[in-house]
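Per-entry structural report
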Amino acid sequence: MATTPRLAAGLLAGALVLVPVAGCSFTSNGFSCSGSSCSVTLDGEGSEVDVLGTTVTLGSVQDGRASITVAGASVSCGEGETVAAGPLSLECTSVTGDSVELTASLT
């Protein structure tokens, strides 16, 4: 039975190693990554996600524009727009209600 805790510890350590390899880890809401690009949904003011090593936070959504903070820099985008912010390029694919869907990639 001594191997069971070791196996569990090994699996946990392996899972932790995969997070940086994937390029994204979340603190709120969902995301998916492929290569050096991640699709993210931020839902609600203050929603935050770590994308490709950079923190992205949703400020507010008003008049079809999302206010987003990326690594301390504030940007605004509407549906279909692409903006550069810090090390990321953000494409706002959908801006509705109090949420934004975006695709983030390294610039």
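Let me begin by describing the structure that accompanies this report. Nothing here was measured: the structure is a model prediction, and the numbers come from that model.

**Structural notes on the overall build of the protein chain**
Scanning the protein chain from N- to C-terminus turns up one helix and 10 strands. Moving toward the C terminus, one meets the helices and strands of the protein chain in the order α-β-β-β-β-β-β-β-β-β-β. Across the 107 residues that make up the protein chain, the buried fraction comes to 30%. Expressed as a percentage of contacts within the protein chain between residues at least 6 apart in sequence, the contacts between residues at least 24 apart total 28%.

**Regarding the state of the cysteines**
This structure, assessed with the given rule, holds two disulfides. The side chain of Cys33 participates in a disulfide bridge whose partner is Cys38; the two sulfur atoms lie 2.2 Å from each other. Since a negative S-S torsion denotes a left-handed disulfide, the Cys33-Cys38 link at about 95° is right-handed. For Cys38, a relative accessible area of 0% corresponds to the buried category. Sulfur-sulfur distance for the disulfide between Cys77 and Cys92 comes to 1.6 Å. Handedness here is read from the sign of the S-S torsion; for Cys77 and Cys92, about -40°, the answer is left-handed.

The rules behind each value
- Residues numbered from 1 in each chain as written.
- Predicted model: local features only at pLDDT ≥ 70, side-chain atom pairs only at ≥ 80, totals over all residues.
- Heavy atoms only, no water.
- Helix = DSSP H or I, 4+ residues; strand = E, 2+ residues; numbered from the N terminus.
- Buried < 20%, exposed > 50% of the residue type's maximum accessible area, 1.4 Å probe, protein only.
- Contact = heavy atoms within 4.5 Å.
- Disulfide = S-S within 2.5 Å.

Geometry only, nothing functional implied.
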